[in-house]
Number of protein chains: 2
Amino acid sequence: MSNNGSRPLIGITVGDPAGVGPEIVIKALQDGGVREQVRSVVYADRACLQQAVEMLGLEMELNEVASPADGKDEAGVVDFIEVGSLAGPIAYGQISAEGGQAGYAYLDRAIDAALAGEVVGLATAPLNKESLQAGKVPFIDHTAVLKSRAAHREAMTLFVVRGLRIFFLTRHISFREIADAITGEGILEALPLCELYLRQLGLDEPLVAVAALNPHGGEQGLFGTDEMDVIGPAVTEAKTRGWKVAGPVPADSVFNQCYEGRYDGVLSLYHDQGHIAAKTLDFHGTVSLTMGLKFLRTSVDHGTAFDIAGQGIADARGMVEALLAAGQYSASVREGLDLAPVV
Amino acid sequence: MSNNGSRPLIGITVGDPAGVGPEIVIKALQDGGVREQVRSVVYADRACLQQAVEMLGLEMELNEVASPADGKDEAGVVDFIEVGSLAGPIAYGQISAEGGQAGYAYLDRAIDAALAGEVVGLATAPLNKESLQAGKVPFIDHTAVLKSRAAHREAMTLFVVRGLRIFFLTRHISFREIADAITGEGILEALPLCELYLRQLGLDEPLVAVAALNPHGGEQGLFGTDEMDVIGPAVTEAKTRGWKVAGPVPADSVFNQCYEGRYDGVLSLYHDQGHIAAKTLDFHGTVSLTMGLKFLRTSVDHGTAFDIAGQGIADARGMVEALLAAGQYSASVREGLDLAPVV
């Protein structure tokens, strides 16, 4: 049964205990495929794990360990580090200071372990922004905490879904701001990082395609000139520098072409461009990787889902995929920390 | 073998004979699934069909018929109407006046047949805009011809891919024009047509979801106010009028939710929003339906692909899906011509 030597040891945080995090973590740990690929230790409190196991009506042993590697690593056992934030059960689905503080404390402790090399990477369940605020946690989200404590280079989100890999040039801005936020400088700064981060995943000489902005890529200026004026020249400059880049490729083709193996990754220009592709292809199979840290962190791409927390109906497929991706790529990301970007 | 009574008779146009159209039509007619569902007659010339069959190295009988219903309807036989436009082979992959004129002549004759009820619907292979221009054809594309000759209501494109159905509020405009082109009036004009056209496909009391424009649907104004100012109020007004409408739904969720059956169709706000969803989900399985005509017309959603024409390597899956969709929906669309839109 045991296969400790070869399977990577991944730290899991349950996120805000009032959300679906503990539930999807417990469910994911019952997945045989996960156990085959990954060894894990959960950062939480016995109280919140106990609450989730009881709510799900499961018989699972909660095995508190002193150190991540001390786990029993057996089916039906949750090896966990007692973070000591919650003393008892929490009200599901409620914004609360204690939920925010607990979720932050789990993450903080897991980051310690990842920085110390006690776990090779992290897979995280969702935090709740409002609970973090209520708890006076001085960070707005996971990324802010991770950037503050574990930055190695510029952090970048990478979506991985069924072999399709998607980076984002812009993300949380309004639609009307997108076109002007796309600059040649921005593209030329992003491309070496995309290339580097794909190499950190183990891809040799990766080819990155830059998505177009306008329908049909603008059709020679008929539907917009951003490709002619900005995106095309930036791609040309990147090629001149010897980088492996393609594009701009019409956005309704580029994701399918990457999926079919023509490119190793896509640089999407805005949030929905890449999100629509990933989540329509496989909503629950979309895993978010945070690159540019001192270790790999993967996460589900949904929130605490307070509306369904505590009901046992949360879909754990995203957490399963996040764990599998952490297992697949964490060692490679660490080994590639000293790789240099293309220049 | 014969099943003439129940299978719908679909007219097929091969499009520009210098493109991949004849090839994908011939290939699609060899598909057993197509033959099981659909009876067909091809609008073309013997010359261009012969050229395609020889290029593909196939043994198929080209059976010229006087009237669409006269076909042999047998495996290995292409029942076709001789349009008499091309006398001999054409150079593949070249823009030409004769190619443009021939493609237009096939379409024109097929429209005659559809208007006369000799075929129940049409499935069309691609035309080439530049060849149409070279041939002085007074239309820029399929839609212009169809609107001119067979308009019943306002024509609208509907993408169908694996049970996901997508309409478009705006389409061939630049990205920078999109936000201002989205108006409450536009949405309130489009929704009854979406609803009507879904009923024409046989869906009872269809529920249409309107996609959002900004990431996360704007997140209460944090990333844009179009949902609060324009899209949301239009959806509310539609509901007040008693229409079955949902939204605005964040664009990275709405297509997956429709695919899973929560909605019967999605009104996407711009070209790439719906195109990325459809073509990433299933590039070759995306069929374009032209609604609002006196009959159903389906088509592949790609062009003449002059770069690979005449090589035998064109992928016919799109044509197969277009034929299957024409077979599935043509009768229903005709029966629903007199349905009234919701008011």
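1. Structural notes on the overall build of chain A
Here's step 1: Within chain A, the secondary structure is distributed over twelve helices and twelve strands.
Here's step 2: At 21 Å, chain A has a C-alpha radius of gyration in line with the 20 Å of a compact globule built from 343 residues.
Here's step 3: Oriented by its inertia axes, the alpha-carbon framework of chain A measures out at about 60 × 40 × 30 Å.
Here's step 4: Here chain A, with 343 residues, has 60% of them falling under the buried criterion.
Here's step 5: A fraction of 75% describes how many contacts in chain A between residues 6 or more apart in sequence connect residues 24 or more apart.

2. A short note on the interface of chain A and chain B
Here's step 1: Contacts between the two partners involve 34 residues from chain A and, on the opposite side, 34 residues from chain B.
Here's step 2: When chain A packs against chain B, the two sides together hide about 3200 Å² of surface, and 58% of this comes from carbon and sulfur.
Here's step 3: When residues of chain A are sorted by the area they lose upon contact with chain B, Phe175, Asp252 and Thr280 of chain A head the list and together hold 23% of the total.
Here's step 4: Where chain A touches chain B, the interface holds five salt bridges.
Here's step 5: As a salt-bridge pair, Arg176 of chain B and Asp180 of chain A come within 2.8 Å of each other at their nearest N and O atoms.
Here's step 6: On the surface where chain A and chain B come into contact, there are twelve residue pairs in polar contact (both at pLDDT 80 or more).
Here's step 7: Sorting the residues of the side of chain A that touches chain B by element identifies helix H7 (175–181), helix H10 (251–259) and helix H11 (271–281) of chain A as the ones contributing at least two each.

3. Some words on the sheet that holds strand S6 (residues 151–161) of chain A
Residues and elements named next belong to chain A.
Here's step 1: Across the sheet, twelve strands lie side by side as S3-S4-S2-S1-S5-S12-S11-S6-S7-S10-S8-S9; this open sheet has mixed pairing. The open sheet has two edge strands, strand S3 (61–64) and strand S9 (245–249), and neither has a second partner. Going from strand to strand, the sheet's axes swing by 30 degrees on average, the running direction of each strand aside.
Here's step 2: Where strand S1 (residues 9–13) and strand S5 (residues 121–124) come together, four bridges link them in parallel fashion. Bridge pairing in S5 links Ile12 to Ala123.

4. As for helix H1 (residues 21–29) of chain B
Residue pairs spaced three or four apart in an α-helix point in one direction, given the helix's 3.6 residues per turn.
Here's step 1: Taken across its nine residues, H1 of chain B has eight buried, putting it largely inside the fold.
Here's step 2: For H1 of chain B, the full list of buried residues reads Gly21, Pro22, Glu23, Ile24, Val25, Ile26, Ala28 and Leu29 of chain B.

5. Regarding the pattern of salt bridges
Here's step 1: All chains considered together, the criterion is met by 29 salt bridges over all chains.
Here's step 2: One salt bridge connects Arg176 of chain B with Asp226 of chain A, and the closest N-O pair in it is separated by 2.9 Å. A residue pair is termed interchain when its members come from two chains, as with Arg176 of chain B in helix H7 (residues 175–181) and Asp226 of chain A in helix H9 (residues 226–240).
Here's step 3: Here Arg176 of chain B falls in the partly exposed class, since its relative accessible area comes to 45%.
Here's step 4: The exposure class assigned to Asp226 of chain A is buried, which follows from its relative accessible area of 6%.
Here's step 5: Look at the salt bridges and you will find they share partners, linking Arg7, Arg35, Arg39 and Asp73 of chain A into a network.

6. Structural notes on the pairing of strand S10 (residues 265–268) of chain B
Residue and element names in this part refer to chain B.
Here's step 1: Of the two faces of S10, the one lined by Gly265 and Leu267 and the one lined by Val266 and Ser268 are each fully buried.
Here's step 2: Across three bridges, the pairing between strand S7 (residues 164–168) and S10 is parallel. Of the residues in S10, the one forming a bridge with Phe168 is Ser268.
Here's step 3: One ladder, built from three bridges, connects strand S8 (residues 208–211) with S10; its direction is parallel.

7. As for the environment of Glu98 of chain B
Residue and element names in this part refer to chain B.
Here's step 1: Along the chain, Glu98 turns up in helix H4 (residues 97–115).
Here's step 2: Between the alpha carbons of Glu98 and Lys136 there is a distance of 9.9 Å; along the sequence they are 38 residues apart.
Here's step 3: What Glu98 contacts, discounting residues up to four positions off in sequence, is Leu86 and Ile90.

8. Here's the deal with unusual backbone geometry
Here's step 1: Omega for the peptide link from Gly247 of chain A to Pro248 of chain A comes to -5 degrees, which places this bond in the cis form.
Here's step 2: Among the secondary structure elements, Pro248 of chain A is positioned in strand S9.
Here's step 3: Residue Gln220 of chain A is not a glycine yet carries a positive backbone phi of 50 degrees.
Here's step 4: Inspection of the secondary structure assignment puts Gln220 of chain A in the loop between strand S8 (208–211) and H9.
Here's step 5: The exposed category is assigned to Gln220 of chain A, whose relative accessible area is 73%.
Here's step 6: Positive phi is not limited to glycine here, since Arg162 of chain B has a value of about 45 degrees.

9. Describing the relation of the copies chain A and chain B
Here's step 1: In the superposition of chain A on chain B (RMSD 0.0 Å, axial shift 0.0 Å), the rotation amounts to 180 degrees. Taken together, these values place the two copies in the relation of a two-fold axis. Across chain A, the rotation axis passes nearest the C-alpha of Leu281 of chain A, at a separation of 2.4 Å.
Here's step 2: A shared binding surface is used by both copies, with 97% of the interface residues of chain A retained as interface residues in chain B.

10. A few points about the environment of Glu189 of chain A
Residue and element names in this part refer to chain A.
Here's step 1: Tracing the backbone shows Glu189 in helix H8 (residues 184–200).
Here's step 2: Judged by relative accessible area, Glu189 falls into the exposed class, the value being 55%.
Here's step 3: Once the C-alpha coordinates of Glu189 and Ala238 are considered, the two residues, 49 residues apart in sequence, prove to be 10.0 Å apart.

11. Side note on the state of the cysteines
Residues and elements named next belong to chain A.
Here's step 1: Under the criterion given, the structure shown has zero disulfides over all chains.
Here's step 2: Unpaired in terms of disulfides, Cys258 finds its nearest cysteine sulfur in Cys194, a separation of 11 Å.
Here's step 3: According to the relative accessible area criterion, Cys258 is buried, its value standing at 1%.

12. Considering the sheet that holds strand S2 (residues 39–44) of chain B
All names here are of chain B.
Here's step 1: Read across the sheet, twelve strands follow the order S3-S4-S2-S1-S5-S12-S11-S6-S7-S10-S8-S9 without closing on themselves; strand pairing throughout is mixed. This sheet does not close on itself; its edge strands, each paired only once, are strand S3 (61–64) and strand S9 (245–249). Across this sheet, the average inter-strand angle for adjacent strands is 30 degrees, counted without regard to direction.
Here's step 2: Against the sheet, helix H6 (residues 142–150) contacts strand S1 (9–13), strand S5 (121–124), strand S6 (151–161), strand S11 (287–293) and strand S12 (296–300), and its axis sits at roughly 140 degrees relative to S6.

13. Some words on the domain arrangement of chain A
Residues and elements named next belong to chain A.
Here's step 1: Here chain A is described as being made up of domain 1 (1–154 + 285–343) and domain 2 (163–282).
Here's step 2: Placing a centre on the C-alpha atoms of domain 1 and another on those of domain 2 gives a separation of 30 Å.
Here's step 3: Scanning the region where domain 1 abuts domain 2 turns up one salt bridge.
Here's step 4: Note that Asp301 and Lys279 form a salt bridge whose closest N and O atoms lie 2.8 Å from each other.
Here's step 5: Seen at the junction of domain 1 and domain 2, the total is nine residue pairs in polar contact (both at pLDDT 80 or more).
Here's step 6: Within the residue set of the side of domain 1 that touches domain 2, elements represented by two or more residues are S6, strand S11 (287–293) and helix H12 (317–335).
Here's step 7: Here the residues of the side of domain 1 that touches domain 2 are counted per class, giving ten nonpolar, five polar and three charged.

Reading the values: the criteria
- Residues numbered from 1 in each chain as written.
- Chains lettered and ligands numbered in written order.
- Predicted model: local features only at pLDDT ≥ 70, side-chain atom pairs only at ≥ 80, totals over all residues.
- Heavy atoms only, no water.
- Helix = DSSP H or I, 4+ residues; strand = E, 2+ residues; numbered from the N terminus.
- Rg over C-alpha atoms; globule rule 2.2 N^0.38 Å.
- Buried < 20%, exposed > 50% of the residue type's maximum accessible area, 1.4 Å probe, protein only.
- Contact = heavy atoms within 4.5 Å.
- Buried area = accessible area lost by both parts, 1.4 Å probe.
- Salt bridge = Lys/Arg side-chain N within 4 Å of Asp/Glu carboxyl O.
- Polar contact = N/O pair within 3.5 Å; in protein donor to acceptor, adjacent residues only side chain to side chain.
- Pairing = 2+ DSSP bridges.
- Axes fitted to C-alpha atoms, helices over the stretch in contact; angles between N-to-C directions.
- Least-squares fit on C-alpha atoms with pLDDT ≥ 70 in both.
- Disulfide = S-S within 2.5 Å.
- Domains from an automatic or database assignment.
- Nonpolar A, V, L, I, M, F, W, Y, C, P; charged D, E, K, R; others polar.

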